[in-house]
Amino acid sequence: MPETPDLAPVLAAGWSLSADQRAICKTYRFPDFVAAFGFMTRAALWAEKWNHHPDWRNSYGLVEVTLTSHDAGGLTARDLKLAQKMDALA
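Note that residues are indexed from 1 along each chain, following the sequence as it is written. pLDDT decides what is reported in this predicted model: residues at 70 or higher carry local features, side-chain atom pairs at 80 or more are listed and counted, and totals for whole chains, interfaces and linings draw on all residues regardless. Note that water and hydrogens are dropped before the side-chain values are worked out from all heavy atoms of the structure.

As recorded in an unreviewed UniProt entry, the protein chain goes by the name Putative pterin-4-alpha-carbinolamine dehydratase, listed as coming from Cereibacter sphaeroides. Turning to the protein chain, the UniProt annotation filed under Sequence similarities (unreviewed entry) states: "Belongs to the pterin-4-alpha-carbinolamine dehydratase family." UniProt positions are given in the numbering used here, feature names are shortened, and annotations may be inferred rather than shown by experiment. Looking at the protein chain in UniProt, the text filed under Catalytic activity (unreviewed entry) is "(4aS,6R)-4a-hydroxy-L-erythro-5,6,7,8-tetrahydrobiopterin = (6R)-L-erythro-6,7-dihydrobiopterin + H2O".

Quick look at the structure:
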C-alpha cells in the first residue's frame, strides 16, 4: 500500500476512511436529480482532466463517492486533490 497522505483536511470536510484504509468515501446530498447529475458532470470534467476517476453511484439527489488509486493499491495525493475539488464543486 502506498504511503498515506495527510487525510486531516478531507476527514474534516466530511470524508470517511474505508475499513481497509485504502479509500475515502463521501455522500453528497442535493435537492434533486438535476442538481446531483450537474455535480457529477462538473466533477467528471476534472476527473478526466486529471486522469483520476471516482467510483460513484447516483440515486436521485444522492451521489456516493469512493476515491482510491487502484494503480497504487490505495490512497495517494491524487485522491485528496480530487476530493477537495469535488467539495468545491458541490
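Draft legend 1. Looking closely at the environment of Leu 82. Within the secondary structure layout, Leu 82 lies in helix H3 (residues 77-89). Spatially, the C-alpha atoms of Leu 82 and Lys 49 are 11 Å apart, while their sequence positions differ by 33 residues. In this structure, Leu 82 is in contact with Ala 47, Trp 50, His 52, Pro 54 and Leu 67, ignoring residues within four places of it in sequence. Every helix listed is a DSSP run of H or I at least four residues long, and every strand listed is a run of E at least two residues long, numbered separately from the N terminus. Contacts between residues were defined by any pair of non-hydrogen atoms, one from each residue, lying within 4.5 Å.

Draft legend 2. The arrangement of helix H2 (residues 33-49) in detail. Each residue after the first adds 1.5 Å to the expected span of a helix. Relative to the 24 Å expected for 17 residues at 1.5 Å per residue, H2 spans 24 Å between its end C-alpha atoms, a close match to the ideal helical length. The cut-offs for exposure are 20% and 50% of the maximum accessible area for each residue type, with area from a 1.4 Å probe on protein chains only; residues under the lower value are buried, those over the upper are exposed, and the others partly exposed. Taken residue by residue, H2 has Ala 36, Gly 38, Phe 39, Met 40, Ala 43 and Ala 47 as its buried positions. Buried-residue contacts for H2 involve strand S2 (24-29), strand S3 (55-59), strand S4 (62-67) and H3. Remark: Asn 51 follows H2 within two positions and exhibits a positive phi of approximately 50°.

Draft legend 3. Layout of the sheet that holds S4. Read from one edge of the open sheet, 4 strands run S1-S2-S4-S3, paired in antiparallel fashion. Edge positions in the sheet fall to strand S1 (16-17) and S3, since each has one partner strand and no second. Bridge analysis of S1 against S2 gives 2 bridges, and the strand direction is antiparallel. Within S2, the residue paired with Ser 16 across the bridge is Cys 25. The axes used here are C-alpha line fits, helices contributing only the stretch in contact, and every angle between their N-to-C directions lies in the interval 0 to 180 degrees. Sitting on the sheet, H2 touches S2, S3 and S4, and the angle it makes with S3 is about 160°. Lying over the sheet, H3 contacts S2, S3 and S4, oriented at roughly 10° with respect to S2. A pair of strands counts as paired when DSSP detects no fewer than two bridges linking them.

Draft legend 4. Representation of a nonpolar patch on the surface in the model. Within this analysis, patches are made of residues with over 30% relative accessible area and no salt bridge. Like charges are joined at 9 Å or less; nonpolar side chains (Val, Leu, Ile, Met, Phe, Trp, Tyr) at 5 Å or less. Here, Shrake-Rupley sampling with a 1.4 Å probe gives the accessible areas, and only protein chains in the shown set may cover a residue. One side-chain nitrogen of Lys or Arg within 4 Å of one carboxyl oxygen of Asp or Glu is enough to make a salt bridge. On the surface, a cluster of nonpolar side chains totalling about 460 Å² of accessible area is made up of Phe 33, Val 34, Phe 37 and Tyr 60. Residue placement: Tyr 60 occurs in the loop between S3 and S4. What makes Tyr 60 exposed here is its relative accessible area of 55%.

Draft legend 5. Spotlight on the environment of Gln 84. Secondary-structure assignment places Gln 84 in helix H3. In the structure, Gln 84 is positioned 37 residues away from Ala 47 in sequence and 12 Å away in space, judged by C-alpha atoms. Setting aside chain neighbours within four positions, we find Gln 84 in contact with Pro 9 and Val 10.

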